[in-house]
Amino acid sequence: MVEVERQRHRLPVRRLIAASIGNAIEWYDWTIYATFSIYFATAIFPSGNAELALLNTFATYALAFFFRPLGGYLLGRFADLRGRKPAMILTIVLMAGGSTAIALLPTYELVGWLAPVLLLLARIAQGLSLGGEVSNASAYLAEIAPPARRGRYSSFFYISTGTAVLVASLIGFTLARTMSKAQLESFGWRIPFLVGGLLGLLGLWLRRSLEETEQFEQNKVKAERLHRPLLTTLREHPKAVGRLVGFTMLSTLCYYTFFSALTPFAVKNRGVDAVDVFLALSIATVLFIALQYPMGALSDRFGRKPQLLVWSAATAVLVVPLSSLLKPGLTGPLVVFCVGLGLYTMMTSIAPAAMSELFPTELRGLGIGAWYNLTVALFGGTAPLVIAWLAGRGLSDVYFYYVAAGATIAFLVILTLPETKGSELR
């Protein structure tokens, strides 16, 4: 009997990896853009003013985020009508294509303003792609999971994401260690984008074997009957929308603070050696990956709400003191990244479950896609730009108070969440 029970709950690892790998590739590409921006900014934009070129690069990064809500709406609705699998195949094709295009971009010196225009178009494709990927992969993982194990299944989402970001960090560490700054600015920055294109082919191959979820099959007729589905999310599920926006605001600030914004900030504004930053981030990312499954299992046992409350409260209290440790040497950055990302696993391990449990199946892809991505665009896409702008005016510490304020708001929103562990999806 024990053996039968164990067999019944054996994780479908290949299916979980196939579902999660698209999100991993998406975040790999977005991470290397933010990470290597300090090297390719003056290649794509006019090189006369390096600070302005970097700001323009971050502005392109931020602008692409505002196509995420559109991608979330269009691809989320597509997934609700046609299925999670075809939507996830489409998103990975868009992302890999965008990464390859960036790797092959001509420089400003060769084609003038056509270079930043082409960069923007590639980023728009990636923005649309990521807008649909997060919501549809989250819905897929939640829908194939047994109710009592949804946290465990959800944890694979960021196990794959963390692994991809680790690969990006290790590539950054290796290139920073083996290439001069001149080589990185000349051609070295193109290498990780080419790797992103190759990873996309691997993801496409894995996803072609996925089966559609039973939850979608049973509810697709309901989705087809819906008119003005976005308005329906506001009219019939306003609390779900508000809660999603509330905890996503802090989640995206944490992600872009620790995985993206702090790397160029520490190097340019705090004088930390690039090798030390990449090494610290790589070590912390290993911790981030290792904690995902235990945290997912913990939420299946004790609940989503207590875990989210601890995460938001601790972030509100600790993020400002942690920022003071960003100084030359390995120890300070290592503590910052390990503590920040360690706390963040309390959210990431259960993100697909927490989001999917807010909406019924016929609205799940669109509901998560539109509102999650709008929040990410407003707070995550602008994070590197905000931190760079403040640092240029000698106000870099203000950014961390901004994150602390977001954590406080998220804590208050999470207090209103009902406990959903072990519940059946609607």
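Because the structure is a prediction, the values reported are computed rather than measured. (Residues numbered from 1 in each chain as written. Predicted model: local features only at pLDDT ≥ 70, side-chain atom pairs only at ≥ 80, totals over all residues. Heavy atoms only, no water.)

So, on to the nonpolar core. The nonpolar side chains of a soluble globular protein tend to be buried, and buried together. Of all hydrophobic cores here, the largest spans 122 residues; its most connected members are Trp189, Phe247, Leu262, Trp311, Tyr344 and Tyr372. The element that contributes the greatest number of residues to this core is helix 2 (residues 13–44), accounting for 19 residues. Those residues in contact with Tyr344, other than ones at most four positions away along the chain, are Tyr158, Ser251, Cys254, Tyr255, Phe288 and Trp311. (Core = buried A, V, L, I, M, F, W, Y, C linked by side-chain atoms within 4.5 Å. Buried < 20%, exposed > 50% of the residue type's maximum accessible area, 1.4 Å probe, protein only. Helix = DSSP H or I, 4+ residues; strand = E, 2+ residues; numbered from the N terminus. Contact = heavy atoms within 4.5 Å.)

On the surface, Leu110, Val111, Leu114, Val117 and Leu121 cluster together into a nonpolar patch covering about 460 Å² of accessible area. Contributions of two or more residues to the nonpolar patch are made by helix 6 (108–111) and helix 7 (114–144). Mapping Leu121 onto the fold places it in helix 7. (Patch = residues over 30% accessible without salt bridge, like charges linked within 9 Å, V, L, I, M, F, W, Y side chains within 5 Å. Areas by Shrake-Rupley, 256 points an atom, 1.4 Å probe, with all protein chains shown as cover. Salt bridge = Lys/Arg side-chain N within 4 Å of Asp/Glu carboxyl O.)

The next subject is the layout of surface pockets. Here the largest pocket defines a volume of roughly 470 Å³. Ile38, Ala50, Leu54, Pro264 and Lys268 are the residues nearest the centre of the largest pocket, which is lined by 23 residues in total. Going through the elements one at a time, helix 2, helix 3 (50–65), helix 9 (181–188), helix 13 (238–269) and helix 19 (383–392) are the ones with two or more residues in the lining of the largest pocket. The element contributing the most residues to the lining of the largest pocket is helix 13, with 6 residues. Residue classes in the lining of the largest pocket are distributed as 16 nonpolar, 3 polar and 4 charged. (1 Å grid on protein atoms, 1.4 Å probe; cavity = no way out; pocket = protein on both sides within 12 Å on 5 of 7 lines; lining within 4 Å. Points joined across faces, edges and corners; volume = space filled by probe spheres on them. Nonpolar A, V, L, I, M, F, W, Y, C, P; charged D, E, K, R; others polar.)

Along the chain, Gly242 turns up in helix 13. The class of Gly242 is partly exposed, set by a relative accessible area of 37%. Measuring from C-alpha to C-alpha, the distance between Gly242 and Gly196 comes to 34 Å, with 46 residues separating the pair along the chain.

This paragraph deals with the packing of aromatic side chains. Counting across every chain of the model gives 14 aromatic pairs. Ring geometry for Tyr255 and Tyr256: centres 5.1 Å apart, planes at 65°, overall edge-to-face. Taking relative accessible area as the criterion, Tyr255 reaches 2% and is therefore assigned buried. Judged by centre distance (5.9 Å) and plane angle (55°), the ring pair of Tyr399 and Tyr402 falls under tilted. With Tyr399 and Tyr402 both in helix 20 (residues 396–414), this residue pair falls 3 residues apart, about one helical turn. One aromatic cluster in this structure is built from Phe157, Tyr158, Phe288, Trp311 and Tyr344. Just above the ring of Tyr33 sits the side chain of Arg123; from NZ or CZ to the centre is 4.2 Å. (Phe/Tyr/Trp six-rings, centres within 6.5 Å; stacked < 30°, edge-to-face > 60°. Lys NZ or Arg CZ within 6 Å of the ring centre and 35° of its normal.)

Looking now at unusual backbone geometry. Unusually for a residue other than glycine, Arg228 sits at a positive phi of about 50°. Here Arg228 is to be found in the loop between helix 11 (214–225) and helix 12 (229–236). Residue classification places Arg228 among the exposed residues on the basis of a relative accessible area of 66%.

So, on to the packing of helix 4 (residues 68–82) against helix 11. The N-to-C vectors of helix 4 and helix 11 enclose an angle of 115°; their axes lie 7 Å apart at closest approach. Taken as axis vectors, helix 4 and helix 11 run roughly perpendicular relative to one another. Seen from helix 4, the contacting residues are Arg77, Ala79, Asp80, Leu81 and Arg82; seen from helix 11, they are Phe216, Lys220, Ala223 and Glu224. (Axes fitted to C-alpha atoms, helices over the stretch in contact; angles between N-to-C directions. Parallel < 35°, antiparallel > 145°, perpendicular 65-115°, else oblique.)

The subject of this paragraph is empty space enclosed by the protein. Counting across every chain of the model gives 4 cavities of 30 Å³ or more. Put simply, the largest cavity is a space of about 50 Å³. Lining the largest cavity are Val134, Phe157, Tyr158, Ser251, Tyr344, Met347, Thr348, Ala351, Met355 and Tyr372. The greatest single-element share of the lining of the largest cavity, amounting to 3 residues, is contributed by helix 16 (residues 331–348). Its residues assigned to classes, the lining of the largest cavity comprises 8 nonpolar, 2 polar and no charged.

So, about the environment of Ala122. Considering the arrangement of structural elements, one finds Ala122 in helix 7. Given the relative accessible area of 6%, Ala122 is considered buried. With 135 residues separating them along the chain, Ala122 and Thr257 place their C-alpha atoms 23 Å apart. Once residues lying within four places of it in the same chain are set aside, the contact partners of Ala122 are Gly98, Ala101 and Ile102.

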